[in-house]
Amino acid sequence: MNASDLAQVLVTGIAAGSIYALMGMGLFITYLTTKALNFGQGDFLMIAAFLSMSLLMAGVPVILAIPAVFLIVAALGIVLERVAIRPLSTVLAGSAGSFAWILTTLGFGMLLQNTATVVWGKSSFYSPPLFSSGDKKVVNLFGAGFYLEELVVAGVALLVLGALYWFLFRTRAGKEIAAVAFDKPTAALLGINVRRTVVISYIMMALLSATSGVLAGPITTVQAHMGILFILKGFAVVSIGGFVNPIGILVGGLGFGVMEGVSNYIDSQFGDLYPYIFVLAFLIARPSGLFGEARTDVR
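These notes cover the structure that comes with them.

Reading guide: rules and limits
- Residues numbered from 1 in each chain as written.
- Predicted model: local features only at pLDDT ≥ 70, side-chain atom pairs only at ≥ 80, totals over all residues.
- Heavy atoms only, no water.
- Axes fitted to C-alpha atoms, helices over the stretch in contact; angles between N-to-C directions.
- Helix = DSSP H or I, 4+ residues; strand = E, 2+ residues; numbered from the N terminus.
- Parallel < 35°, antiparallel > 145°, perpendicular 65-115°, else oblique.
- Left-handed = near helix turned anticlockwise from the far one by under 90°.
- Contact = heavy atoms within 4.5 Å.
- Nonpolar A, V, L, I, M, F, W, Y, C, P; charged D, E, K, R; others polar.
- Salt bridge = Lys/Arg side-chain N within 4 Å of Asp/Glu carboxyl O.
- Core = buried A, V, L, I, M, F, W, Y, C linked by side-chain atoms within 4.5 Å.
- Buried < 20%, exposed > 50% of the residue type's maximum accessible area, 1.4 Å probe, protein only.
- Expected span 1.5 Å × (residues − 1).
- Phe/Tyr/Trp six-rings, centres within 6.5 Å; stacked < 30°, edge-to-face > 60°.

Running from N to C, helix α2 (residues 41–57) and helix α9 (residues 226–241) point in directions that differ by 130 degrees, and their axes come no closer than 7 Å. Accordingly, the angle class assigned to the pair α2 and α9 is oblique. For α2 against α9, the interelement crossing comes out right-handed. Facing Q41, G42, D43, L45, M46 and A49 of α2, the residues of α9 in contact are M226, G227, F230 and I231. Across the contact of α2 with α9, the residue classes break down as 6 nonpolar, 3 polar and 1 charged.

And the structure:
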C-alpha cells in the first residue's frame, strides 16, 4: 500500500467511522435513560437519507432541507418513545417481558421500511451532494483524490460528537440524563422530570440518526434497507467502546471505519467480514468494552 492509497483508505474509513460513531451514540443515549436499544434506529437514518435526497432533488436549498429533515425525524423519535417504549416501561417493568422493546422497536423500524418502499420504491438512489454543486467535487490531498463530501462528513460528524460530549457532561440537561440513568425514582425525588428527560434522549437519538442519514446519503446508495447495515455497525461500535462513555464509542467508531477500509482494500470480496471477526474476538477478550472499567461511567 503506497502513501496515496493509505491516505485514501484513512479518509474514507474516518468518514464512514464517524457515521458509525453517530449511530453508536444514538444507541448509547437511549440506553442510558430506558435501558432499551432502539433496533429501528437504522431506519431513522434511512428515512433521513430519503427525505434529504428528495428535498435536494426538488430544489430546496440545503439550509432549509436539513432543518426540515431534523424536525420530521425528531417527531418520529417522540412517536417511537410514546408508542413503543413508554407503555412497556410501566406495564412490564421487572418482568421477562421487559425486553419486549426488541420487538416493538424492530416493528417500528419495519413500518418505516415499508413506508419508504411504498413512497420511493425498491430501487437504489444517489443523493445529490450537500457541500458542492453539480457532480461530487474531487479534492487532491497527499497525492490521492477524495470526494469533498467525505472530508466534510468526517469533520461535521466529529463536531457533532464533540457537541454531544459537551452536552452530556457540561449542561444541566445532560446531568439530568445522567441522574435518570443512575436511578429514576431518586431523580424524580430531586425534582427532575423523568418523562421529559426520557423524551429528550429519544429526540437526541433521532437527531443523531438524522445527522447520520443526511451525511451518509451523498457518499453511499440510498435504499429502503440501508439502515440494517448501519445499525449493525453502530451496535458493533458501541460494544467496542462500552455502554459507559461516548469517548469509547468515538474511538470504536473511527477504529471500525478504518479497519473496514483497510480490509476492503486488501480483500474486496470479504472485506466487510473481517471487522466483525475482530469485534467478536475483542469482546471475548474484553466483554466490558474498551473503556468499560478504566473510564468514568456516565451513568
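Moving on from the model shown.
In this section: the pattern of salt bridges. Where charged atoms of side chains with opposite charge meet at close range, the side chains can pair. Tallied over the full model, the rule gives 4 salt bridges. Ionic pairing is found between R172 and E176, a salt bridge with its closest N-O pair at 3.4 Å. One end of the pair is R172 and the other is E176, both in helix α6 (residues 172–182) and 4 residues apart, which spans about a single turn. Overlapping salt bridges bring together R172, E176 and R196 as one network.

So, on to the nonpolar core. Among the nonpolar cores identified, the biggest contains 73 residues, and F44 and F230 are the most heavily contacted of them. In terms of residue count, helix α1 (residues 3–34) provides more of this core than any other element does, 12 residues in total. For F230, the residues in contact, after removing those within four places along its chain, are I19, Y20, M23, L45, A216 and T220.

Glancing now at helix α5 (residues 148–170). With 23 residues, α5 ought to run about 33 Å at 1.5 Å a step, and its terminal C-alpha atoms sit 32 Å apart, in line with that. Those residues of α5 that sit buried are E149, E150, V153, A154, A157, L161, L164 and L168.

Inspection of the entire model under this criterion finds 10 aromatic pairs. Taken together, a centroid distance of 4.6 Å and an interplanar angle of 35 degrees make the contact between Y165 and F169 tilted. With Y165 and F169 both in helix α5 and 4 residues apart, the pair spans about one turn of that helix. Both rings, one in F256 and one in Y276, keep their centres 5.6 Å apart while their planes meet at 70 degrees; by these two values the pair is edge-to-face. Taken together, the positions of F256 in helix α10 (residues 246–266) and Y276 in helix α11 (residues 273–285) put the pair 20 residues apart, joining distant regions of the chain.

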